[in-house]
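Here are the chains, one letter per residue:
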Amino acid sequence: IVHRQFRPQSGAVEQLAMGLVTSRCTCWRDEIAREVEALDDGGLLMQEVTADVPAHPQKLTTEVDPNIPEFGEIWPEKWGITIEQLRELMDSCRQDPAWRSENTVQDLVNDFVVPLTQGKGVGYALLCNAMAPKEVNVIVSNCWRENAERLVENLENLVSSEDVMFICGLALYQCEDGVGPSIRHQMGSTPEESPFMRVLQHVQR
């Protein structure tokens, strides 16, 4: 599903953000995804939250790359990636002998994106655009178990070369290595402060 700039009715953004936050099609990695397996009758997560965790930004510093400007805190509105950059990632994966055409988005993130971003503290999208973070104008909500190659092919037919996409698995820092914010810290405790809500509110302006 591709969400472009739009003017929703009152409450529609909140409903869509809640739907993204509580979806089975989560960008969380395997060990964290176990927390979202149980859904109630209404499809909402049955997840214990022990304490409020405010949403955290990613940080672009010279520790990520000594050649980049010291941008500091970067929030989800600029965790974007272009279709050309996504295509380059897929082409690179296909050249790897370990890649399989049946790989899912989960495989793409866990087996290829995580190693590329390990120790950097920022997601793949921000790492690609460390010299000039790109402002999102398209939100892509996809299934974690969707075929990765098919997703890229579909997006090639849906977005333009000027579009900048928020794709959760590539936008969030997925490594859980203590170098950058954890997934929970990036998500925050409420739909209102989640990356999805921030980006949805941004693209509707």
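Residues numbered from 1 in each chain as written. Predicted model: local features only at pLDDT ≥ 70, side-chain atom pairs only at ≥ 80, totals over all residues. Heavy atoms only, no water.

### Details of the side chain of Gln 58
Thought 1: Here Gln 58 shows up in strand β2 (residues 58-60).
Thought 2: Since its relative accessible area comes to 0%, Gln 58 is described here as buried.
Thought 3: A polar contact of 2.9 Å, which involves the side chain of Gln 58, links it to the backbone nitrogen of Gly 123. (Helix = DSSP H or I, 4+ residues; strand = E, 2+ residues; numbered from the N terminus. Buried < 20%, exposed > 50% of the residue type's maximum accessible area, 1.4 Å probe, protein only. Polar contact = N/O pair within 3.5 Å; in protein donor to acceptor, adjacent residues only side chain to side chain.)

### Concerning the nonpolar core
Thought 1: Ranked by size, the top nonpolar core spans 28 residues in total, and within it Leu 86, Leu 108, Leu 155, Met 165, Ile 167 and Leu 170 carry the most contacts.
Thought 2: Mapped onto this core, the elements with two or more residues apiece are α3 (83-95), α4 (105-117), α5 (124-128), β4 (138-140), α6 (148-156) and β5 (165-167).
Thought 3: Per element, the largest residue contribution to this core is six residues, and it comes from α4.
Thought 4: Once you skip the residues sitting within four places of it in the chain, Leu 86 turns out to touch Ile 81, Val 152, Leu 155, Met 165, Ile 167 and Leu 170.
Thought 5: Core analysis: the second largest hydrophobic core is formed by 21 residues, Val 64, Ile 68, Val 164 and Phe 196 among them. (Core = buried A, V, L, I, M, F, W, Y, C linked by side-chain atoms within 4.5 Å. Contact = heavy atoms within 4.5 Å.)

Taken by themselves, the reported measurements are silent on function.
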